[in-house]
Amino acid sequence: MIQTASAPSTSERYRAITRHTIHRLPQWETLDPELRDAIGIVSHVLPFRVNRYVVDELIDWDRVPDDPIFKLTFPQREMLGDDEFNEVADLVRGEAGREEIRSVVDRIRLGLNPHPAGQMTHNVPELDGKRLEGMQHKYRETLLFFPARGQTCHAYCTYCFRWAQFVGMPEFKFEARESEELVAFLKAHPEITDILVTGGDPMIMKTRMLRDYLAPLLSEELDHVRTIRIGSKSPAYWPQRFVTDDDADDALRFFEEVVESGKHLALMGHFSHPVEIRTPMAQRALRRIRATGAEVRMQAPLIRHVNDDAQAWVDLWTEGVQQGLVPYYMFVERDTGAKNYFEVPLARALEVFQDAFRQVSGLGRTVRGPSMSAHPGKVRVLGTTRIQGEKLFVLDFLQARNPAWVGRPFFAAFDPDATWLNHLRPALGRDRFFFQDELEEITVSEAGILPVMSA
Ligand SMILES: *Cc1c(COP(=O)(O)O)cnc(C)c1O
Ligand code: SF4
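Rules used throughout
- Residues numbered from 1 in each chain as written.
- Chains lettered and ligands numbered in written order.
- Predicted model: local features only at pLDDT ≥ 70, side-chain atom pairs only at ≥ 80, totals over all residues.
- Heavy atoms only, no water.
- Helix = DSSP H or I, 4+ residues; strand = E, 2+ residues; numbered from the N terminus.
- Rg over C-alpha atoms; globule rule 2.2 N^0.38 Å.
- Buried < 20%, exposed > 50% of the residue type's maximum accessible area, 1.4 Å probe, protein only.
- Contact = heavy atoms within 4.5 Å.
- Areas by Shrake-Rupley, 256 points an atom, 1.4 Å probe, with all protein chains shown as cover.
- Lys, Arg positive; Asp, Glu negative; His and termini not counted.
- Charge placed at Lys NZ, Arg CZ, Asp CG, Glu CD.
- Near = heavy atom within 4 Å.
- Nonpolar A, V, L, I, M, F, W, Y, C, P; charged D, E, K, R; others polar.
- Expected span 1.5 Å × (residues − 1).
- Phe/Tyr/Trp six-rings, centres within 6.5 Å; stacked < 30°, edge-to-face > 60°.
- Lys NZ or Arg CZ within 6 Å of the ring centre and 35° of its normal.
- Axes fitted to C-alpha atoms, helices over the stretch in contact; angles between N-to-C directions.
- Parallel < 35°, antiparallel > 145°, perpendicular 65-115°, else oblique.
- Pairing = 2+ DSSP bridges.

## Structural notes on the overall build of the protein
When you go through the protein residue by residue, the secondary structure sums to 15 helices and 13 strands. Relative to a compact globule of 455 residues, whose C-alpha radius of gyration would be 23 Å, the protein shows 22 Å and is just as compact. Judged by the C-alpha coordinates and their principal axes, the protein covers about 60 × 55 × 50 Å. Taken over 455 residues, the protein has a buried fraction of 58%. Across the protein, the fraction of contacts at a sequence separation of at least 24, relative to all contacts at a separation of at least 6, is 73%. As displayed, the protein offers around 19,400 Å² of accessible surface, 47% of which is attributable to carbon and sulfur atoms. When the 55 basic and 66 acidic side-chain charges of the protein are each reduced to a single mean position, those positions are 3 Å apart.

## Overview of the site of ligand 2
All residues adjacent to ligand 2 are Cys153, Tyr156, Cys157, Cys160, Phe166, Gly200, Lys233 and His270. Considered class by class, the residues forming the shell around ligand 2 number five nonpolar, two polar and one charged.

## Some points on helix H12 (residues 310-322)
Between its first and last C-alpha atoms H12 spans 18 Å; for 13 residues at 1.5 Å apiece the expected length is 18 Å, and the two agree. Where H12 is concerned, the buried positions are Ala310, Ala312, Trp313, Val314, Asp315, Leu316, Trp317 and Gly320. Here the buried face of H12 lies against strand S8 (295-302), strand S9 (326-332) and helix H14 (346-357).

## What about the packing of aromatic side chains?
Taken as a whole and assessed by the stated rule, the structure comprises 25 aromatic pairs. Between tryptophan 61 and phenylalanine 70 the ring centres are 5.8 Å apart and the planes differ by 70°, which places this aromatic pair in the edge-to-face class. Per residue, the accessibility class of tryptophan 61 equals that of phenylalanine 70, and both read buried. On the basis of an interplanar angle of 20° and a centroid distance of 4.7 Å, the ring pair of phenylalanine 70 and phenylalanine 74 is categorised as stacked. Phenylalanine 74 sits in the buried class, given a relative accessible area of 0%. Linked through ring pairs, Phe397, Trp405, Phe410, Phe433, Phe434 and Phe435 together constitute an aromatic cluster. For lysine 391, the ring lying beneath its charged end belongs to phenylalanine 414, and the centroid distance is 3.9 Å. Geometry around phenylalanine 434 places arginine 408 over its ring, the cationic atom sitting 3.9 Å from the centre.

## Remarks on the packing of helix H4 (residues 82-93) against helix H5 (residues 98-110)
Running from N to C, H4 and H5 point in directions that differ by 170°, and their axes come no closer than 10 Å. One element, H4, and the other, H5, form an angle in the roughly antiparallel class. Residues Glu84, Glu87, Val88, Leu91 and Val92 of H4 form the contact with H5, whose own contacting residues are Glu100, Ile101, Val104, Arg107 and Ile108. Partitioning the contact of H4 with H5 into residue classes produces six nonpolar, no polar and four charged.

## Some points on the sheet that holds strand S6 (residues 227-232)
Working definition: the strands of a sheet are paired by backbone hydrogen bonds and lie parallel or antiparallel to each other. Spatially, S3-S4-S5-S6-S7-S8-S9-S10-S11-S12-S13 is the arrangement adopted by the 11 strands of the open sheet, whose pairing is mixed. One side of each edge strand has no neighbouring strand; the edge strands of this open sheet are strand S3 (135-139) and strand S13 (410-413). Across the sheet, the axes of successive neighbouring strands diverge by a mean angle of 30°, strand direction being ignored. As defined by bridge partners, S8 adjoins S9 across six bridges and the pair is classed as parallel. Residue proline 301 lies in a different strand from S9, and its bridge partner there is phenylalanine 331.

## Observations concerning the side chain of glutamate 333
By the secondary structure assignment, glutamate 333 is in the loop between S9 and helix H13 (339-342). Among the residues examined, glutamate 333 registers a relative accessible area of 4% and is labelled buried. Residues contacting glutamate 333, with those up to four places away along its chain left out, are Tyr159, Pro301, Leu302, Ile303, Lys339, Phe342, Glu343 and Trp420.

Following this line, the structure appears as C-alpha cells:
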C-alpha cells in the first residue's frame, strides 16, 4: 500500500508563472535587461509557463542564460527570425492594441508549422462514421488518447510540438471529451493492446478526473488492452503531483488499482536532462510511483542548447537506471515551432546517441534512437556506413504505418546537414525508398489526399 507522505518539506501548491507574473520572481531582477525584454517579446508568440519548483530547484541561475533548464523553459530571442522578432517588438514597444498584436502573432504562428506530421488529416480514427477527435490510431497496437482536461502542462518546453494548442489555436487542438467513445472504439478494435494517454500532460488533471477517464478501461470486456501508458513530464516539472499535492496519494492508489487489475501501467516520463531526476522531491516521486507497481520509462528529444552532449544522456540513463527507470526513446526534434533554434543535424544526433550509448551498461541500452516521428513511422538512424565508395545513413523503422516495414534496414545518402527525413535521398542508385509507393497508397486511401514525406 501507498504510505501517506510524511510532513511535506514544501507544502506549496502548484501555481503557474506566466508572462504576466514573471516579474514577481526574485530571479527576474537578476536577469540582463535585454534578456528580459526578449523573453517578454517571444512569449507573445510561443507559449511560456514555469513554476517555482522549476525556477528554484532545476535552474541554476549562476549559469543563466546557458543553463539547460532555462533554455528548455524560457523563450529565447533566437527562437524567432529577426523579421518576426522585430515586428512583434515594434508593436509591443509601441503599445499597439491587443487585436493588432494578435493578428501579427497569429500570422507568425501559422508560419511555424503548428501541426506537424499530418496529424490533422491522418490518424484520427472513426467509429460508426464519426471522427473521434481526441484520439489517434497510427500504429496497429497502440491508441493515443488526448483527454480534454489534460491538455496543458506544469511548465512548457519551448520546443514543444504541441505548442499550438497551448497558445489557443483551437483549430489545432486535439481533445477527447468522453471516455465512452474511447471504450466503444477499443471494443471494436481487439488489435489494440496499448493505450497511451497523452496531452499536454494527463497528470495535470485531478486524480478524480484521471480516474473517470481510465477506470472504464479496467473492465473485463477490454482484456485485450494489456498496457496503459501515461505520457507525463510531471516527475520533472512538478514532482509534488506524486508526493505533496492534495490528491497525490489518491493518484498512487489508482495506479495500484490499475496494476492489481492485471494490466501493465507505464508512466512514460519525459526527461530532458539529468538535473530533473536529481532533486529529493523528484526522487521521492519516482520511488512512490514505482512502489505502486507501475514502471517508469524515460524518453525525450535531443535538443540543441539543452541536451546535445553525450554526457547529459550518459548521466540521465545511468542515474535513471539506478533509480529503477527504463531508458526508452531518444527522439529527433520535430519540424515545428522554433525548430531552427533547437534542431540538431541527424549526423550529430547519431554521434551524441552512439557516444552516450557506448558508455552505459546493457541496462541503459534499452534506449532506442535517434528516432524521427515522421509521417511513415518512427524512423531510427542506426548508423553510417560506406558501400561501393558511397557514404550512407543506415535507417530502420521502429514503428510504421505498415508493421511489415519495421526492422528492415534501408539506406539514404549521407548528408551532414540533413535534420529530418524529408531531407534524405535514397542511395545506391535508387530513386525511391522501399516504403514510398505503399505509403502513398495507404495515405491516399485513408485521407483522400497526397502524402507529404516531410510530415
Ligand atoms: C510513438 C507513438 C506510439 C507508440 O509507439 P511505441 O513504439 O509503441 O512506443 C503510438 N502512436 C503514435 C502516433 C506514436 O507517435
Ligand atoms: S511536457 Fe510535453 S506536452 Fe508539455 S510542453 Fe513539454 S513537450 Fe509539450
